[in-house]
Amino acid sequence: MDARRLVGIHAERVTDVSSRDFPGHYPDEDHSWNLKKFRKNLTVQVRRVSQRSIDFDLVGVDASIANAFRRIIIAEVPTICIEHVYVYNNTSVIVDEILAQRIGLIPLNIDPKKMEMKEADDESTDRNTMVFELALECTRKKDAPKDTTDPALLYENHELLSGHLVWTPAGEQNEVFRDKPPAPTNPNIVIAKLRPGQGIQMTLHAVKGFGKDHAKFNPAATASYRLLPHITIKKPIPVHLAEKFQKCFSPGVIRVDPRTKAVSVDEENKRRDTVSREVLRHPEFDGYVELSRVRDFFLFNIESESAYLPQELLPEAISVFRGKLSSIRRAAQALLEAPADEDVVMGDS
Amino acid sequence: MEPADEGSEWNDITGANWHGLSLTDPIKSVQDKWLLLPAFLKVKGLVKQHIDSFNYFVETDIKNIVKANNKVTSDVDPRFWLKYTNIVVGMPDRNEPNAIEKKVTPNECRLRDITYSAPIMVTIHYTRGKNIVQRTVNIGRLPIMLRSSRCVLTNKTDPELARMTECPLDPGGYFVVKGTEKVILVQEQLSKNRIIVELDTVKGIVQASCTSSTHGGLKSKTYVITKKGKIYLRHNCTHEDIPIVIALKALGIQSDKEILLLTAGNTDSYKAAFSANLEEAAKLGVFTRQQALEYIGSRVKVNRRVVGPRRPAWEEALEAMATIVLAHVPVNGLDFRPKAIFVATMTRRVLMAMEDEKMVDDRDYVGNKRLELAGQLLALLFEDLFKTYNTNLKSAIDKVLKKDSRTNEFDAFNTMQLQGDHLTAGFTRAISTGNWSLKRFKMERAGVTHVLSRLSFISALGMMTRISSQFEKTRKVSGPRALQPSQWGMLCPSDTPEGEACGLVKNLALMTHITTDVEEEPIIRLAFMLGVEDISLATGTEIYGPHTFVVNVNGTIIGLTRYPARFVHQFRCLRRARRVSEFVSVYVNHHHKAVHIASDGGRICRPMIIVEGGRPRVRAEHIELLKKGSVTFDDFLRKGLVEYLDVNEENDTYIALYESEIVPSTTTHLEIEPFTLLGAVAGLIPYPHHNQSPRNTYQCAMGKQAIGAIAYNQLNRIDTLLYLSVYPQQPMVKTRTIELIGYDRLPAGQNATVAVMSYSGYDIEDALILNKASLDRGYGRCQVLRKNTSMIRKYPNGTYDRLADAPPDENNSGQVAKKYDIIQMDGLAGVGERVDPGDVYVNKQSPTNAADNSFSGQAATVPYRNTPMTYKSPVAGNIDKILISDTENDQTLIKVLIRQTRRPELGDKFSSRHGQKGVCGLIVNQEDMPFNDQGINPDTIMNPHGFPSRMTVGKMIELLAGKAGVLSGNLQYGTAFGGSKVEDMSRILVEHGFSYAGKDMLTSGITGEPLEAYVYFGPIYYQKLKHMVMDKMHARARGPRATLTRQPTEGRSREGGLRLGEMERDCLIGYGATQLLLERLMISSDKFEVNACGKCGLMGYNGWCTYCKSSKQMAQLTIPYAAKLLFQELMAMNVVPRLILDDA
């Protein structure tokens, strides 16, 4: 491994945090940006995909690029969430504002691409607003056993769940959303608990929004990365310390030969290490090992909690990114073309 | 539980030889002996001291008071008498004659602004004509303490409490008077009837004082003091100090030899110091008792009686000596011997202190203190009210009996019925104002009661354990404020306010009990049976003999013993066998060679495990039984495994903190749990033993301001101001105390993920950085509910207020004005509606002639004016609840609860549980927050500069334990002097792939690169405090002005101006900014144009001088209105201020 790619992990500090392969840093070396080189170095490899999450490696980009994707997923990939709550009746113990806040946080399975942004003074239309109804009344079960205290046995509708949201299609929505009727991604989220005599009736309006406005619009539960751990064993580990050495790392990272007790790093599994730096705590391993992480090797983990499939989020982020780039390009162009003494208007407006 | 059926199990264990184990077998240490603590609290409760005291008053003391004043006779008719034979306080009921459902719950009283009180019923025997009649009469109502023996909530299960909308975790111990919850705080006082010897180093005076207090309520203080080397008796009832020898002679000890023996004994140095006193008596020519009495009699202040002849001086002296001086020492017949010995003992104590300065007493010593509780205060109040009631009754009866001719037979019962509600009103007034002014007992105390603070569960609980001291707050003495070593285990060392009341307001520790009075006659009899010789038979030689110890019961000397250790041991054995009350304490004072037995009320004591033969008497088996629930704490007491020790008795014991520290043959007791030395509020702090001590004190003050859950019935309450947390969480790092007091069920805070790092520079001076996404998701969200009350009155002239529906808008017919848009048909705002600033939510109208008592027309036809309730807060709220009810005097009451839901904003105050408070300095978007390898963002970023100077290591350990708890999926304990160990926590962290130190490698959310330092990262329990920017922010450009001075008003509530004060003014003067000064102090404040006459210098108007009758030299000038006002006021005082005008 190229030592320049490594971030040093020491007992009390982290070294070489920033990349230095920018032009002019290393004398007599050419580090100017080069598409061919970039293409060669860049790899994106998916490691694991499940219903809700994805693990992939992003190698060969600067931290700023990787971080930009992370930030965009969190803050700027649009989703649809409930924004306006019209309460007709709420006799539950949870007051209107809190109930509205809770309902807002429910992730919906509506594809944001099929809806438009609703700006502050826009009229609500079938293109920018999705309407749900929520109505539930808790009642006593007639045939409930006498000796129980379990609300599930005693009462009908003792919990208001996200599954109780009923979509009310408007206009062309019935057509557009036919194949995937709008609903919460998870029908079992408890919104409120009810008891006999309590009921809720409200209309909910869902709109498109961004995570930077409110955390409910964040499409991901987690979107983050860590750097690939790198372990260099500098001298052979004494045989009697082999097991202890192995225990200082996450399971599977260090291989100990059962016969010779020779210690080696499992290159395939070293990504499993959590870099707990436990090995640096023991004085007997002083000088035997060097810990580091690879600066441009990003182990991404994204958990989707929205209409997006986990694997769609990165491309989505990239397209948002490209949109930003194109507007910057346009603005820069405008700057270039504009007469020297005139105000330049950036962006779309 | 049946005592018989569990008895056999007990005997198995406590028996000498059980399960065939012999004494030499290895001893299992008593694990989980802390379980005694929940057992104790189950029996005693957290505020048992209040409740016990109240129960004692209601069940015992009130009967004694009535017995002492049980007869009412008439001066007019000697054949008439009325006698109280019994008094009973009933259960609380509804004080409405035609109510069908008589039962009442405390919460109903709170909501309806009525008093939670029960009738006081007396049984009377009295003469009616020639017969003696017995009847039961209601003489008034007594406010009932919640959870006392007379309360409907006592011994109810949780579902039953829920049906009464009452919180099972509420400790009780307070009163509900006119709808407000009132606490009678515990008062700390110097103990009564005990000799306190003090030394005034400045004046070189030694004095022994004794405050006598008898059940009659008489209080007097007697001193034995030194003055120029001689000893005197001083008392309020004499004009001058009485030489001690004369006093003793007056008390019947005539011979000088006997006096010398009783005071100085056979100690030569004492004799030498005392001899001067004998000489003085001789010089004054006082040799016999008669002479002594004459001497004193001529100096006694005589309360002149209206009737009867004047009595000779010696009689006055005799009466004073018998009844006023040292009133608590009994004088049977004319046997002054005990009193003489008491005075002699005081004298001897003075002599001892004169010789050896160390023999003085410490008035700050907790053993010399007594705590006065609600019961005692109510007893005094009741006695006073009852006596007044009887005098009133007597004069009422006399008035009737005076009339000779009556149509029907006189029945005192009817007179009693007409007595009005003197007692009821007296109790209600005293408790609701807090003024205990009892002329009869020369008592004048204000601020006895306080409104129970319901800011948080902890603040309410903390108030119930609070002890206030009688010392003046302004005095700059450190003694009473200092931490006393004898407070250990009794009073919390951490929980005291800062500032002026520091050290004067204290709090009870977790496991304390305050005693109530125990009858002393049986104890005295018992002492005599154990071989105590009567003091009246002893001479000075015997009393001060080398091996004799004086036996005192509650400060009065009763006898002598030569075997104090044996006596005390036997006495304790009897106490452990429950032959005497467990709260009677007995101990030996070797300095004074005395055995003290105390049975008086107000002593603080706490339970401890008895150690015998180097082994605690509580064994693991007992704890097993306790765990099974087959025994209670009382069984431990009854079997003599555990006993209560008061502060004085603690001095006689050797207490081991832990079982391993028991020294065989010396250790007598074992501490139940060391953490009980902290109080309920300090018990919330995890790892307090790792913190710098003032930090714990700060947290004790702040824990009471934390917003959280208040009670299970919090949504059924309508308090003036209620702060509720939307998502309260129980702390990740708990303590045993938290579980015991129920803080885990009514928490006030949230487990925030904290990164200890600096961020952005908006975190200086303890400011916190908050994650915006966390706030979006509900972190720190709280509700503020404010009560607004309105009465729909009926006026004496027959008119009444009314509620009206919204009036039509004048400008826009058919529509309702904006400010009335939430008013419904009944004239009230709809529940759930949003109230904007300026909106009307109760559209009340009052008759214009309400005060006109001569009005006699139709009430319905009178003109009305609007008297609506308008919402004033600058931020919109929602109507939470509206309550319409009737008060006791039949007025309609409307309470409107308006709610605001707030998310944290810049400047809101937060605090951890370690006295580390900070305001929110910046709210950061989630993507800008640093994150760790798991992708976790912190909720809060705290600046590490908070640690070095504060030394709150406990907070660091809390983070570590919290993180370990999160990873292992359980809650950790941070109990004081115990709790989860750091080593174990680190091991858990390493096992889960984290650094042992709790420091994580973070990545900056802004650059995406790793941070160069590892960051201490994990959950810490954070509290949101009630100080929020929204309630404090204030600015003004223009606004209201005061009418008198025309200057801007003061204070945020009146939209006032910001004062440019004297010091600011000085700065501007120093800077020479005259125009700015002029603008700030006059132009922007109260500038006023006046016309002044250049000739006479007086003010005129409209360019006309009324004094000179001319307009020639009038000039217009601008002065502050306040200056103009001053001139006019001076003129009103016949001072002429003249304005000398000059063209500058």
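Calculation criteria
Residues numbered from 1 in each chain as written. Chains lettered and ligands numbered in written order. Predicted model: local features only at pLDDT ≥ 70, side-chain atom pairs only at ≥ 80, totals over all residues. Heavy atoms only, no water. UniProt positions renumbered as here; feature names shortened; annotations may be inferred. Helix = DSSP H or I, 4+ residues; strand = E, 2+ residues; numbered from the N terminus. Pairing = 2+ DSSP bridges. Contact = heavy atoms within 4.5 Å. Axes fitted to C-alpha atoms, helices over the stretch in contact; angles between N-to-C directions. Salt bridge = Lys/Arg side-chain N within 4 Å of Asp/Glu carboxyl O. Buried < 20%, exposed > 50% of the residue type's maximum accessible area, 1.4 Å probe, protein only.

Engineer: How would you sum up the UniProt feature "domain: DNA-directed RNA polymerase RpoA/D/Rpb3-type" (unreviewed entry) in chain A? Please name residues and give values.
Structural biologist: UniProt marks residues 53-331 of chain A with the feature "domain: DNA-directed RNA polymerase RpoA/D/Rpb3-type" (unreviewed entry), using the numbering shown here. Helix makes up 21% of residues 53-331 of chain A and strand 32%, and the two end C-alpha atoms of the span are 36 Å apart.

Engineer: Could you give an account of the sheet that holds strand β9 (residues 205-213) of chain B, naming the residues involved and the relevant values?
Structural biologist: Residue and element names in this part refer to chain B. The sheet built from five strands is open, its strands ordered β8-β9-β10-β11-β12 with antiparallel pairing. Pairing within the sheet leaves two strands with one partner each, and these edge strands are β8 (195-200) and β12 (242-243). Along the sheet face, helix α8 (residues 268-283) touches β11 (230-235) and β12 and points at about 65 degrees away from the line of β11.

Engineer: Can you tell me about the pattern of salt bridges, naming the residues and giving the values?
Structural biologist: All names here are of chain B. Inspection of every chain in the model, using the stated rule, returns 88 salt bridges over all chains. Of the charged contacts, one joins D113 and K895 as a salt bridge, the two residues approaching to 2.9 Å between their closest N and O atoms. Separated by 782 residues along the polypeptide, D113 in the loop between α4 (106-112) and β3 (117-128) and K895 in strand β42 (residues 892-902) bring together distant segments of the chain. Overall, K895 belongs to the buried group, its relative accessible area being 1%. We note a salt bridge from E188 to K506, for which the minimum N-O separation is 2.7 Å. Residue E188 is found in strand β7 (residues 186-190), and its partner K506 is found in strand β18 (residues 506-507); the two are separated by 318 residues along the sequence. Residue E188 is classed as buried on the basis of its relative accessible area, which comes to 6%. Sharing partners across several salt bridges, the network here consists of R110, E166, D170, E181, R454, R717 and D719.

Engineer: So what's going on with the sheet that holds strand β5 (residues 175-177) of chain B? Residues and values would help.
Structural biologist: Residue and element names in this part refer to chain B. Pairing is antiparallel in the open sheet, where three strands are placed in the order β5-β6-β16. What marks the edges here is a single partner per strand, and that holds for β5 and β16 (449-451). Going across the sheet, the axis of each strand differs from the next one's by a mean of 40 degrees, ignoring polarity. Here β5 pairs with strand β6 (residues 180-184) via three bridges, running antiparallel. Bridge assignment links F175 to a residue of β6, and that residue is K182. Strands in contact with helix α14 (residues 422-433) are β5, β6 and β16; relative to β5, the strand with the most contacts, it is inclined by about 105 degrees.

Engineer: How would you summarise unusual backbone geometry if you had to cite specific residues and measurements?
Structural biologist: In terms of backbone geometry, most residues other than glycine have negative phi values and most peptide bonds are trans. All names here are of chain B. A positive phi is found at S760, a non-glycine position, where the angle reads about 75 degrees. Within the fold, S760 resides in the loop between β32 (750-756) and β33 (768-771). On the basis of relative accessibility, which here comes to 44%, the residue S760 falls in the partly exposed class. The residue E765 is not glycine, and still its phi comes out positive at about 55 degrees. Looking at the secondary structure, you find E765 in the loop between β32 and β33. A residue is classified by how much of its surface remains accessible, and E765, at 74% relative accessible area, is exposed.

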